[in-house]
Amino acid sequence: MLIYALPMAWLGEVSVQVILHETIRNLYFHVTMWFAMIFLFGFSFFHAIQFLRKGNLISDMKSTLYAEVGMVFGAVGIVTGMIWANFTWGAPWVNDPKLNGAAVALLIYIAYFILKSSITESIRRAKTASVYNIFSFVMLILLIGIMPRINDSLHPGNGGNPGFGGYALKNSMRPVFYSAVVGWTIIGLWLAEVKIKWKSKMIE
Amino acid sequence: MSRISVERVKMLVRKDLLLEFRSKAAMGELLVYVISTVFVCYRAFHSISSVPVWNALFWIIILFSSINAVSRSFYRESRAKRIYYYQIAGPEEIILSKIIFNFLLVLFLCLITLPLYSLFLGNLADDLWMFLLVAILASGAFSSILTLISAIASKSDQGPGLTAILTFPVILPLLMVTLKASKNAMDGIDTSQYTNLLVVMLAFNVVSVALSYILFPYLWRD
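What comes next is a walk through the structure. Keep in mind it's a predicted model, so treat the numbers as computed, not measured.

## Observations concerning the overall build of chain A
Right, on to step 1. Secondary structure assignment for chain A yields seven helices and zero strands.
Right, on to step 2. Moving toward the C terminus, one meets the helices and strands of chain A in the order α-α-α-α-α-α-α.
Right, on to step 3. Counting only contacts in chain A whose residues sit at least 6 apart along the sequence, the fraction spanning at least 24 positions is 75%.

Structure follows, in structure tokens:
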């Protein structure tokens, strides 16, 4: 998927708009990074629940590794977003609910890793971290679901700004965008999978 | 899993309240913490005429003092006592009683901070009743989030200091909603204009209590 999406992201036909110009190409990176991050955190959340239900330490390890890879995607997403914001809004960081949400998401998972590193006994660590993971992920979803509806956002599709879906997105961009979403998610899952395999080998 | 008995929850809440009010150290610590924070703010600002600043400062004081108050809730009891409680009551009852107790504690904090703060820094709240309603909703959500997180932190090897780190990112969204709602209340805006904010705060209450209820049983036994 990415083999298709990446060259298209650089070379493909894009809808050049006022202000955005060619930075619209960032859509393929920034937006898709966030989608992939949420998916990865979702996987992490799922495995945390699995761990609490079955008590299998492998699930806990998976949960952690998915969260780690999600963090990488989140960090890249924030950096690409800042570059984009610098072009379009004139500043790398503005007071915007989505940016705050992103910052909160990263802080939550940083706190999660601090919690993990502060407990030495493995079963207790796994249990405690899973509980925190589940709790904070639900809060994060609540935040992402609610905040943009309360505060106006500068992001497209919020607060009277037209969404990309309306007219900005040329039809030729659509397949590239969706395949980029799927592609990045698969890359993320693959990275996590590799890490899981490697960790499992280490344990053996 | 044992059924929840309201009687037992009530009893546990009573036990916590008695312990809290009987010990001069615990009560005094809370009061002095709040009084000295307000006084420091007074010395730093003298008087505040801007509504957003007044509002922000008030909630920051409440946030820190409630983190301070609630983070002890799973440390105060010795290990032996804790094991005893676990034998006479189920985990659901324990977490519910802790949440109710902490709710009363945080609400109490709000209620003593508000007059003190108004006395020193001037009262700017236009619609006092709505402000109090926001305070009640906020203390409910604060206390339930903080209770579960302090339970989590009590399992770590780091001590209660970890509570603050784990709390901030989770509580930040709630704090933003609270700030917005209470600012509306202070400006005396008609309630119908921000009912959605109150509903969101209520949702935070419900979700965090429900999650604590579901998740705590996994935590309580080592």
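What follows continues from the structure just given.
## What about the pattern of salt bridges?
Right, on to step 1. Inspection of every chain in the model, using the stated rule, returns six salt bridges over all chains.
Right, on to step 2. Where arginine 124 of chain A meets glutamate 121 of chain A, a salt bridge forms, and the shortest distance between an N and an O atom there is 3.5 Å.
Right, on to step 3. Residue classification places glutamate 121 of chain A among the partly exposed positions, given a relative accessible area of 39%.
Right, on to step 4. In this structure, arginine 8 of chain B and glutamate 93 of chain B form a salt bridge, with 3.0 Å as the shortest nitrogen-oxygen distance. Of the two residues, arginine 8 of chain B is situated in helix H1 (residues 6–22) and glutamate 93 of chain B in helix H5 (residues 91–121); the sequence distance between them amounts to 85 residues.
Right, on to step 5. Here the residues in one salt-bridge network are Lys15, Asp16 and Lys98 of chain B, joined through shared partners.

## Thoughts on the interface of chain A and chain B
Right, on to step 1. Counting residues at the interface gives 27 residues for chain A and 29 residues for chain B.
Right, on to step 2. For the pair chain A and chain B, the two sides together bury roughly 2,700 Å², of which 81% comes from carbon and sulfur.
Right, on to step 3. Taken together, chain A and chain B are joined by zero salt bridges.
Right, on to step 4. Applying the counting rule to chain A against chain B returns two residue pairs in polar contact (both at pLDDT 80 or more).
Right, on to step 5. When residues of the side of chain A that touches chain B are traced back to their parent elements, those giving at least two are helix H4 (97–118) and helix H5 (122–150) of chain A.

## As for a nonpolar patch on the surface
Right, on to step 1. Residues Leu107, Ile110 and Ile114 of chain A together with Ile165 of chain B make up a contiguous nonpolar surface patch of roughly 300 Å² in combined accessible area.
Right, on to step 2. Looking at the nonpolar patch element by element, the count peaks at three residues for H4 of chain A.
Right, on to step 3. With respect to the secondary-structure elements, isoleucine 110 of chain A resides in helix H4.

## Re the packing of aromatic side chains
The geometry of an aromatic ring pair is captured by the separation of the ring centres together with the interplanar angle, meaning the angle of the planes.
All names here are of chain B.
Right, on to step 1. All chains considered together, the criterion is met by 17 aromatic pairs over all chains.
Right, on to step 2. Taking the centre distance of 5.6 Å and the plane angle of 80° together, the rings of phenylalanine 39 and phenylalanine 120 count as edge-to-face. Taken together, the residues span a long stretch of sequence, with phenylalanine 39 in helix H2 (residues 24–45) and phenylalanine 120 in helix H5 at a distance of 81 residues.
Right, on to step 3. Phenylalanine 120 gets classed as partly exposed once you look at its relative accessible area, which sits at 25%.

About the criteria used
Residues numbered from 1 in each chain as written. Chains lettered and ligands numbered in written order. Predicted model: local features only at pLDDT ≥ 70, side-chain atom pairs only at ≥ 80, totals over all residues. Heavy atoms only, no water. Helix = DSSP H or I, 4+ residues; strand = E, 2+ residues; numbered from the N terminus. Contact = heavy atoms within 4.5 Å. Salt bridge = Lys/Arg side-chain N within 4 Å of Asp/Glu carboxyl O. Buried < 20%, exposed > 50% of the residue type's maximum accessible area, 1.4 Å probe, protein only. Buried area = accessible area lost by both parts, 1.4 Å probe. Polar contact = N/O pair within 3.5 Å; in protein donor to acceptor, adjacent residues only side chain to side chain. Patch = residues over 30% accessible without salt bridge, like charges linked within 9 Å, V, L, I, M, F, W, Y side chains within 5 Å. Areas by Shrake-Rupley, 256 points an atom, 1.4 Å probe, with all protein chains shown as cover. Phe/Tyr/Trp six-rings, centres within 6.5 Å; stacked < 30°, edge-to-face > 60°.

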